[in-house]
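Residues per chain are reported as follows:
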Amino acid sequence: MSERVTISVIKADIGGWVGHSSVHAALIERAEEFLSREPHRQLLIDHYVATVGDDINLILTHERGVDCEEIHQLAWDTFQACTEVARELKLYGAGQDLLSDAFSGNIRGLGPGVAEMEFVERASEPLVIFMADKTEPGAWNYPLFKMFADPFNTAGLVIDPKMHAGFRFEVHDLIEHRKITFSLPEDMYDMLVLIGAPGRFCIKSVFSKETGEIAATSSTQRLNLMAGRYVGKDDPVCIVRCQSGFPAVGEALEPFARPHLVSGWMRGSHSGPLMPSSARMASPTRFDGPPRVVALGFQLADGKLVGPQDFFADTAFDNARKLANDLADYMRGLGPFEPHRLHLDEMEYTTLPDVMARLRDRFEEMDE
Ligand code: F6R
Ligand code: MG
Ligand code: MG
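Everything numeric here is computed off the predicted structure, so don't read it as measured data.

> Got a minute to help me understand the overall build of the protein chain in this structure?
When its secondary structure is counted, the protein chain shows eleven helices and 15 strands. By the compact-globule yardstick of 21 Å for 368 residues, the protein chain fits well, its C-alpha radius of gyration being 20 Å. The principal-axis extent of the C-alpha atoms belonging to the protein chain is close to 70 × 50 × 40 Å. Counting only residues that meet the buried cut, the protein chain has 55% of its 368 residues in that class.

> Would you explain the coordination of the magnesium ion (ligand 3) in this entry?
Expected angles at a metal are 109.5 degrees for tetrahedral coordination by four donors and either 90 or 180 degrees for octahedral coordination by six donors. Listed as protein donors to the magnesium ion (ligand 3) are Asp54 (OD), Asp55 (OD), Asp55 (OD), Asp133 (OD) and Asp235 (OD); their distances from the metal cover 2.0 to 2.8 Å. Mapping the donors of the magnesium ion (ligand 3) onto the primary sequence gives the spacing D-D-x77-D-x101-D. The distance between the magnesium ion (ligand 3) and the magnesium ion (ligand 2) is 4.8 Å, with Asp54 acting as a donor to both metals. Taken as a pair, Asp133 in strand β5 (residues 125-133) and Asp235 in the loop between α7 (223-227) and β10 (237-241) lie far apart in primary sequence, 102 residues in all. Per residue, the accessibility class of Asp133 equals that of Asp235, and both read buried.

> What is the right way to look at the packing of aromatic side chains in this model?
Pairs of aromatic rings are described using the distance from one ring centre to the other and the angle between the two planes. All chains considered together, the criterion is met by nine aromatic pairs. On the numbers, 5.6 Å between centres and 65 degrees between planes, the contact of Tyr48 with Phe298 is edge-to-face. Here the residue Tyr48 occupies a position in strand β2 (residues 46-52), and Phe298 occupies one in strand β14 (residues 292-301), the gap between them amounting to 250 residues. Classification of Tyr48 by relative accessible area gives partly exposed; the value is 27%. Relative to Phe103, the ring of Trp76 has its centre 6.3 Å away and its plane inclined at 40 degrees; by these criteria the two rings are tilted. A residue pair is termed long-range when its members are at least 10 positions apart, and Trp76 in helix α3 (residues 69-88) and Phe103 in the loop between α3 and β4 (113-120) qualify at 27 residues. Both residues of the pair, Trp76 and Phe103, count as buried. Three or more aromatic residues joined by ring pairs make a cluster, and in this case those are Phe130, Trp140, Phe256, Phe312 and Phe317. We note Arg241 situated over the ring of Phe119; from NZ or CZ to the ring centre the distance is 3.9 Å. A cation sits over an aromatic face here: Arg332 above Phe287, 3.5 Å from the ring centre.

> Any chance you could explain the coordination of the magnesium ion (ligand 2) here in plain terms?
Surrounding the magnesium ion (ligand 2) are the protein donor atoms Asp13 (OD), His20 (ND1) and Asp54 (OD), which sit 1.9 to 2.2 Å from the metal. By relative accessible area, His20 is classed as partly exposed at 29%.

> What is the right way to look at helix α4 (residues 141-149) in this model?
Quick reminder: α-helices carry 3.6 residues per turn. Residues three or four places apart thus point the same way. Of all nine residues in α4, eight are buried, a share of seventy percent or more. Listing the buried residues of α4 in full gives Asn141, Pro143, Leu144, Phe145, Lys146, Met147, Phe148 and Ala149.

> Would you mind going over the site of ligand 1 with me for this structure?
Taken together, eight residues surround ligand 1, and among them His20, Tyr92, Met266, Arg267 and Asp288 come closest. His20 is positioned with one of its side-chain polar atoms (N or O) 3.2 Å from an oxygen atom of ligand 1. One of the side-chain N or O atoms of Tyr92 is found 2.9 Å from an oxygen atom in ligand 1. A total of 410 Å² of accessible area belongs to ligand 1 in isolation, and the protein chains cover 76% of it. Looking at the shell around ligand 1 residue by residue, the classes come out as three nonpolar, two polar and three charged.

About the thresholds
Residues numbered from 1 in each chain as written. Chains lettered and ligands numbered in written order. Predicted model: local features only at pLDDT ≥ 70, side-chain atom pairs only at ≥ 80, totals over all residues. Heavy atoms only, no water. Helix = DSSP H or I, 4+ residues; strand = E, 2+ residues; numbered from the N terminus. Rg over C-alpha atoms; globule rule 2.2 N^0.38 Å. Buried < 20%, exposed > 50% of the residue type's maximum accessible area, 1.4 Å probe, protein only. Donors = N, O, S within 2.8 Å, 3.2 Å for Na, K, Ca; no water. Phe/Tyr/Trp six-rings, centres within 6.5 Å; stacked < 30°, edge-to-face > 60°. Lys NZ or Arg CZ within 6 Å of the ring centre and 35° of its normal. Near = heavy atom within 4 Å. Polar contact = N/O pair within 3.5 Å; in protein donor to acceptor, adjacent residues only side chain to side chain. Areas by Shrake-Rupley, 256 points an atom, 1.4 Å probe, with all protein chains shown as cover. Nonpolar A, V, L, I, M, F, W, Y, C, P; charged D, E, K, R; others polar.

The following block contains the structure:
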């Protein structure tokens, strides 16, 4: 094989079992069977079908680079094949993230979320795939900042000469469709002005300043903005390369030990703690949540996915889960009040326009 390898993580919710809580085993089986069948198998070096909540995450390795039409088509066709099963079983929201009837060259913009990176496989290549449910792409801003820019999280920024120069961050403005690159630590305060608003600004990718190599990349698709109405949240994925000049695996996992508040809980309209969960425990229940994150570790071996290691199954994350549950209790107590419920401008695809239209004639001018 050529020495360059591409990892593509492509995800979609194409039907929940039960409600929006998890993926039925028959869908995982169909995805497995479809990807393993000829000629599909020949396009790939390896694949792994993962789930978090109601989302199927296809982890694909190949030699075809990012934005490859055949790979995107394969993911699209796999989701279509799973949708047939979802329809037979009358699963909830069957086919919901496939916004178009036809594939047209690239899966971006058609509904599914995509994170891809191409690199030369190192002598040893540890990767962590983070997958979240009931939240949005900006949910990665806080942990990516901590992994690659916070010396209190990542000792390597201080201690490892290969990390000491810092990292470059590509940040996307999802509303204005533009991007900007920051060089940290110098630009830290400027970048925080933007990424502290994760509903609009998202860290797309991170690069090593020492080598120029890609270190992390995330999905930044906003389904609601694409569909023009509320169709569910854009449960995101993120790929992080670890060790030897990148964060250690433990430094990549550390930000999740203190659950941060993210948008996307219940009806995509509430804020709640992002709870680290094992793959088996990642079925949002309470108030359709709380939002979950799963971390799967793989060693790449000539593009083969050796794994996964289900990191958040570890007891070391029990306290984080307890804190997330305590935060969930507190937030739920606020009911329909902000900041549990999202701000009005993030609710524009829900009932707000209808209610405002109905109330329009009941508003009166005030004297002062
Ligand atoms: C789905 C989600 C859920 C749903 C809720 C209502 O990602 O966040 O909380 O929004 O279950 O779903 P519908 O509108 O499909 O009845
Ligand atoms: Mg769903
Ligand atoms: Mg989901």
